[in-house]
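Structural overview for review
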Amino acid sequence: MSQVSNHAAEQDSYLVGLVGSGIGPSLSPALHQREADRQGLRYVYRLIDIHDLGVGPEAVGDLVRAARDLGFDGLNITHPCKQLVIEHLDALAPQAAALGAVNTVVFEDGRAVGHNTDVTGFAASFARGLPDAPLEKVVQLGAGGAGAAVAHATLTLGAEHVTVVDAMPDRATGLAAALNRHFGPGRAAAAAPDELPALLGEADGIVHATPTGMAAHPGLPFAAKLLRPGLWVAEVVYRPLETELLRAARDLGCATLDGGGMAVFQAADAFRLFTGREPDAARMLADIGELAGVAGARN
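Per chain, the residues get numbers from 1 upward, laid out in the order the sequence is written. Owing to the predicted nature of the model, reporting of local features is limited to residues with pLDDT of at least 70; listing and counting of side-chain atom pairs is limited to 80 or more, with chain, interface and lining totals taken over all residues. Water and hydrogen atoms were dropped before computing side-chain values, which therefore reflect all heavy atoms in the structure.

So, about the overall build of the chain. Working definition: helices are DSSP H or I runs of at least four residues, strands are E runs of at least two. Numbering for both runs from the N terminus. When you go through the chain residue by residue, the secondary structure sums to 12 helices and 12 strands. For the radius of gyration, the atoms used are the C-alpha atoms, and the globule rule reads 2.2 Å times the number of residues raised to 0.38. For a compact globule of 299 residues, the expected C-alpha radius of gyration is about 19 Å, and the chain comes in at 19 Å, within 12% of that figure. Each of the three principal axes of the chain carries a C-alpha extent, and together these read 55 × 40 × 35 Å. Only protein chains enter the area calculation, which uses a 1.4 Å probe; residues under 20% of their type maximum are buried, those over 50% are exposed, and those in between are partly exposed. Burial analysis of the chain (299 residues in total) assigns 51% to the buried set. With an accessible surface of roughly 12600 Å², the chain has 52% of that area assigned to carbon and sulfur atoms. The centroid of the 22 positive side-chain charges in the chain is displaced by 3 Å from the centroid of its 34 negative side-chain charges. Areas reported as accessible are Shrake-Rupley estimates using a 1.4 Å probe. Residue values count occlusion only from the protein chains shown. For the purpose of charge, His is not counted, nor are the chain termini; Lys and Arg are scored as positive and Asp and Glu as negative. By convention, the charge on Lys lies at NZ, on Arg at CZ, on Asp at CG and on Glu at CD.

Here it is, written out as structure tokens:
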């Protein structure tokens with residue numbers, strides 16, 4: 001992660017935003033603003049929803065330029081703009097360059113610099129919530145934007161091998177190839193969904209990185225009978241914090257990790273980049289539990 005300029009920490013007011021589609025339910029504004037309030041900062045966080053604006057994802061470059069010209073301090077970027085934004089930036093932090101995706105843009109001295117805090121966010125959440133989880137064989141379901149970030153994070157945490165499963169074969173093979181280029185040959189492989197039963201029979205754990213289980217996409221991403229005691233289960237979805245997958249896994253006694261920690265730690269990393277100030281992640285974890293409608297995030 002690159003250094004934050006000193007002048008950022010000397011400000012006491014900030015204007016930031018989130019660019020994406022269908023972002024009305026996002027908890028990012030509340031997470032950022034609650035922490036800013038506790039630190040005595042004036043912090044305005046705007047939603048810039050391309051769906052509401054009636055423009056396509058390719059408009060992200062115009063939106064970044066407009067935000068910079070209007071005096072924004074930075075932007076969070078979410079689906080479907082995380083890859084498209086890259087060509088419109090002046091520089092990339094190493095993590096974002098390796099991943100080929102940006103979820104945080106910081107405006108410094110007229111330049112737009114891209115970062116990715118999804119990777120660091122998942123890694124911090126996993127290290128906190130599943131510190132002793134075995135990582136010899138990991139299966140990951142989902143190879144989209146969030147999937148790419150958590151696969152990088154899982155290998156960074158020391159996983160020996162990750163098998164990426166996705167309903168779109170090209171997406172799974174593309175992510176596996178990118179992981180092998182970055183981490184070394186043989187660290188990742190792609191597989192089809194019909195291989196999931198055999199893979200889970202031998203895996204130490206599974207990372208779920210598809211939208212299934214979200215409030216708008218309820219249900220299980222695969223049959224609950226494929227779960228077994230001893231398999232750890234990590235979830236990226238955080239609304240709700242307890243998805244049907246996590247509930248089924250907990251009923252079997254599996255070690256589990258909800259998506260709240262990733263949401264909090266990526267937001268905390270972005271807050272630090274925007275402001276140069278250290279956020280209190282423990283307070284933010286309590287915030288997301290409250291904001292998501294439960295009495296405390298279970299990680």
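Still to come is the rest of the account.
Attention shifts here to the pattern of salt bridges. Every case where a carboxyl oxygen of Asp or Glu lies within 4 Å of a side-chain nitrogen of Lys or Arg is listed as a salt bridge. This structure, assessed with the given rule, holds 16 salt bridges. Here aspartate 62 and arginine 65 are joined by a salt bridge, their closest N and O atoms 2.6 Å apart. Pair noted here: aspartate 62 and arginine 65 are both in helix 4 (residues 60-69), with a separation of 3 residues, about one helical turn. Residue classification places arginine 65 among the partly exposed residues on the basis of a relative accessible area of 34%.

Glancing now at the nonpolar core. Core analysis: the largest hydrophobic core is formed by 32 residues, its most contacted members being Phe122, Phe126 and Trp232. Listed by contribution, the elements that provide at least two residues to this core are helix 6 (117-129), helix 7 (145-156), strand 8 (161-165), helix 8 (169-183) and strand 11 (232-235). Take this core: its biggest share by element is 6 residues, from helix 7. By nonpolar core is meant a set of buried Ala, Val, Leu, Ile, Met, Phe, Trp, Tyr and Cys residues that side-chain atoms within 4.5 Å join together.

The geometry of an aromatic ring pair comes down to the distance between the two centres and the angle between the two planes. For Phe, Tyr and Trp, where Trp contributes only its six-membered ring, two rings pair if their centres lie within 6.5 Å, and the inter-plane angle classes them as stacked under 30 degrees, edge-to-face over 60, or tilted in between. Applying the stated criterion across every chain, the model contains 4 aromatic pairs. Here the aromatic rings of tyrosine 14 and tyrosine 43 are separated by 6.1 Å at their centres, their planes lie at 45°, and the arrangement is tilted. Separated by 29 residues along the polypeptide, tyrosine 14 in strand 1 (residues 13-20) and tyrosine 43 in strand 2 (residues 42-49) bring together distant segments of the chain. In this structure, tyrosine 14 and tyrosine 43 share a single accessibility class: buried. Look at tyrosine 43 and phenylalanine 271: their rings are 5.5 Å apart centre to centre, the planes differ by 25°, and that puts the pair in the stacked class. Residue tyrosine 43 is found in strand 2, and its partner phenylalanine 271 is found in helix 11 (residues 260-275); the two are separated by 228 residues along the sequence. Phenylalanine 271 shares its class with tyrosine 43; the two are buried.

Within helix 12 (residues 281-291), the full set of buried residues consists of Ala281, Met284, Leu285, Asp287, Ile288 and Gly289. Polar contact is the term for a pair of N or O atoms within 3.5 Å; when the atoms are in protein, one must be able to donate a hydrogen and the other to accept it, and sequence-neighboring residues count only if both atoms are side-chain atoms. The backbone nitrogen of alanine 282 lies 3.1 Å from a side-chain oxygen of the residue at the head of helix 12, namely aspartate 280.

Moving on: helix 6. In a regular helix each residue adds 1.5 Å, so 13 residues correspond to 18 Å; helix 6 covers 18 Å between its end C-alpha atoms and thus fits that length. Those residues of helix 6 that fall on the buried side of the exposure criterion are Thr117, Asp118, Val119, Gly121, Phe122, Ala123, Ser125, Phe126 and Gly129. Of the residues flanking the start of helix 6, the one acting as N-cap is asparagine 116, its side-chain oxygen 2.9 Å from the backbone nitrogen of aspartate 118. What a helix is expected to span follows from its residue count: subtract one and scale by 1.5 Å.

The next subject is the packing of helix 2 (residues 28-38) against helix 12. For helices, the axis comes from a line fit to the C-alpha atoms of the stretch in contact; other axes are also lines fit to C-alpha atoms, and the angle between any two N-to-C directions lies between 0 and 180 degrees. At a minimum axis separation of 10 Å, helix 2 and helix 12 run at an interaxial angle of 135°. Put simply, helix 2 runs oblique to helix 12. Note that helix 2 runs across helix 12; the crossing there is right-handed. The residues of helix 12 that touch helix 2, namely those facing Ala30, Leu31, Arg34, Glu35 and Arg38, are Arg283, Met284, Asp287, Ile288, Glu290 and Leu291. Looking at the contact of helix 2 with helix 12, its residues break down into 5 nonpolar, no polar and 6 charged. An angle counts as roughly parallel when it lies under 35 degrees, as roughly antiparallel when it exceeds 145, as roughly perpendicular when it falls between 65 and 115, and as oblique in every other case. Put simply, a crossing is left-handed when the front helix is turned counterclockwise from the back one by less than a right angle, and right-handed when it is turned clockwise. Contacts were defined at the residue level, with two residues in contact if any of their heavy atoms lie within 4.5 Å. Classification used: nonpolar for Ala, Val, Leu, Ile, Met, Phe, Trp, Tyr, Cys and Pro, charged for Asp, Glu, Lys and Arg, polar for all others including Gly.

The subject of this paragraph is the sheet that holds strand 8. If you trace the 6 strands from one edge of the open sheet to the other, you get 9-8-7-10-11-12, paired in parallel fashion. The strands lining the two open edges of the sheet, one partner per strand, are strand 9 (188-191) and strand 12 (256-257). Here 5 bridges tie strand 7 (residues 137-141) to strand 8, and the two strands are oriented parallel to one another. Across the sheet, the residue bridging to valine 138 is valine 162, located in strand 8. Together, strand 7, strand 8 and strand 9 form the strand contacts of helix 8, whose direction differs from that of strand 9 by roughly 175°. Packing against the sheet, helix 10 (residues 244-251) makes contact with strand 10 (205-208), strand 11 and strand 12, and its axis sits at approximately 160° to strand 11. When DSSP locates at least two bridges between a pair of strands, those strands are taken to pair.

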